[in-house]
Amino acid sequence: MNNQLYIYDCLTAKLWSSDGVFMTIGAGEKNTFRLPMQGENGGSFTQRDGTCRFFPHGHVEKYSLNGVVMNTDVVIRPETMYLFVLDCGCFVCWYGDAVNKPDFDQYDPNVWFLYNPENHEWYGPYSLSDLPRLAPDFPAEVLVTFQGLENCAFYLKDMLAVAVFASRLEKRPADAAADGGARELLCPNCWEKFREGQELAIAVHPDLCGDNILGADAMLRFKPTERNWQGLPIDAKGSACSQYACPHCHRKLPPFFTATQQHMISLVGVPAAGKSYFLAALVRELELEFPRDFGMPFRDADPVINEPLNDMRMRLFSAKTPQEAYIGKTQLQGRLYHKVWRHGVWANMPRPFIYNLNKGDETHSIVLYDNAGEDFQPGQGGELNPGSHHMDVSDAILFLFDPTANPGFRKLLADNKDPQLQRNLYPPGRQALLLAESEMRMRTQLNVAPGNKLDVPLAIIIGKCDTWMHLLGPEPLLPATRNGMFMPELIQANSARLRQFLFAIAPHICTNAEAISSNVRYFAASSFGESPIEFADEASGSMLIGPASGQVHPFRVTDAALWALSCAAPSLLPCAQAT
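Residues numbered from 1 in each chain as written. Predicted model: local features only at pLDDT ≥ 70, side-chain atom pairs only at ≥ 80, totals over all residues. Heavy atoms only, no water.

## Thoughts on the sheet that holds strand S11 (residues 89-96)
- Taken together, the six strands give an open sheet; going across it, the order is S2-S1-S11-S10-S7-S8, and neighbouring strands pair in antiparallel fashion. For this open sheet the edge positions go to strand S2 (15-18) and strand S8 (68-70), each flanked by a neighbour on one side alone. Between one strand axis and the next, the sheet turns by 25 degrees as a mean value, whatever way the strands run.
- Note: strand S7 (residues 63-65) against S8, three bridges, orientation antiparallel. Note on S8: the bridge partner recorded for Tyr63 is Met70. (Pairing = 2+ DSSP bridges. Helix = DSSP H or I, 4+ residues; strand = E, 2+ residues; numbered from the N terminus. Axes fitted to C-alpha atoms, helices over the stretch in contact; angles between N-to-C directions.)

Right, here's the structure in full:
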């Protein structure tokens, strides 16, 4: 007799069968039985000498089998029904001759019923997603089953995590794998990929302090195996946990991270190009423009994560003097960086700044970085200093070009009294070198041959335009938005005009940029909206530069970011053609 192993998935109503010797089960595409679960592989079935056994794998510390909590392998007896709750998956297992198998066609896991053994009463019908809401109204030993599953039932307490997981699968963003696999996520701290469901929970009970990666002062990170009726993981001391961490670096993830569509935007530029001022102005202007122009709120994803950038923004826009508005140079060891465990070593990495956009039921996360310019110096890359590697996974790159440090611009602006034009901040050609270094790193990391262009959108932002805008001529730039619509044709027209202007002064910047990407646009922007002044620092006596009035009025700082978002998420911004 050749026995078959049948697996019926209670989440998708799909029936699998196999008579193999070694059969795996899990979310990964290489499994014999591919079921929606948290892990790539939850366990395996073996068939030898007429005996079938199940073995849990790896991260699965315990599972429920016919209502009994297990943590070891078990024999699957022939002609016997087994109900598994495993790694947030839920399935029926039956092993035996195909002639005697259950009538799986009668099963309907869309219709669930509850049975209370205390009063012998039935309740329902319900959907699977109703179970967490119902749980507080029933005793712990209440049973739950679905239509067609006669004389068999799960414990309601075992099904809560399954119900929450199933609900998350139903609501996952559109970029989830079309074949039903778990969505691939990207940690904003270490830039490593992992599957949805592999994230770790962060313990909250004070007795669970200490993590094997982050050290004794960090709370324990753990793989959730139990959840409460709200779907929150339960730590080993019974406390509900609401925060999650990356399974690679163990750094905290933003709230509701798996429910958002993430778009990484990298801002790069040489030292003193004004990246920190630009980033602070960008976030403040996006906070104003998205509700006003598109009817979408732009909010902090996590105020704790964003604290350094929010402090800079508050400082810049509440200042009354140049001294109060001054933002110091980004330091490799400063507040804008943190230590991250990456590829087996501690690395100095730029902190992510994460803001959420809501469009109807969709939530989009915009992840921004402020690198120290030294991160892009030749020889600074590698595993010990990977601070610029976010470019390898970015949805768009914004290159902030500093015209006040370019010899061609400085010659044209010789009569301008802007103090930035009076200083020799760094050698000529360094900005083109930064572009070349960025190209080399991305090509190496992504394995793209020199003859091929990357398809990442690249915005060349000619910054500090308050110093040079008059050189462009009397005609103003066209608006990026009009009547609540993003205008890609007007962005393209501005880009062509600015590209012609920049090429006449610094052609190597254009040719380097266009050698990197097949999708390049040119923009003008001013973080201050006015030329700054030089002032003496009261503490050190050194001469610093800040906005002349102490108050800033950013000019067109959002154009490049809006264009980048329109490339990364074409359906996010309502667009219109120019008429």
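## Quick word on the confidence of the model for the protein
- Residues with a pLDDT of 70 or more make up 89% of the protein, whose mean pLDDT is 85.
- Below a pLDDT of 50 lies the segment residues 174-180, which in the model reaches six contacts outside its immediate sequence neighbourhood of four places, other chains included. (pLDDT = per-residue confidence, 0-100. Contact = heavy atoms within 4.5 Å.)

## Structural notes on the pattern of salt bridges
- Taken as a whole and assessed by the stated rule, the structure comprises 12 salt bridges.
- A salt bridge links Arg499 to Glu514, with the nearest nitrogen and oxygen atoms 2.9 Å apart. Residue Arg499 is found in helix H8 (residues 488-505), and its partner Glu514 is found in helix H9 (residues 507-516); the two are separated by 15 residues along the sequence.
- When its relative accessible area of 25% is taken as the criterion, Arg499 is described as partly exposed.
- Relative accessible area serves as the criterion here: at 22%, Glu514 is assigned to the partly exposed category.
- Among the ionic pairs, Asp559 bridges to Arg556, the shortest N-O distance being 2.7 Å. (Salt bridge = Lys/Arg side-chain N within 4 Å of Asp/Glu carboxyl O. Buried < 20%, exposed > 50% of the residue type's maximum accessible area, 1.4 Å probe, protein only.)

## A closer look at the state of the cysteines
- Considering all chains together, one arrives at zero disulfides under this definition.
- The cysteine Cys190 is free of any disulfide, with Cys187 supplying the nearest cysteine sulfur at 3.7 Å. (Disulfide = S-S within 2.5 Å.)

## Quick notes on the sheet that holds strand S22 (residues 244-245)
- Across the sheet, three strands lie side by side as S21-S18-S22; this open sheet has antiparallel pairing. The sheet terminates laterally at strand S21 (221-222) and S22, the two strands that pair on one side only.

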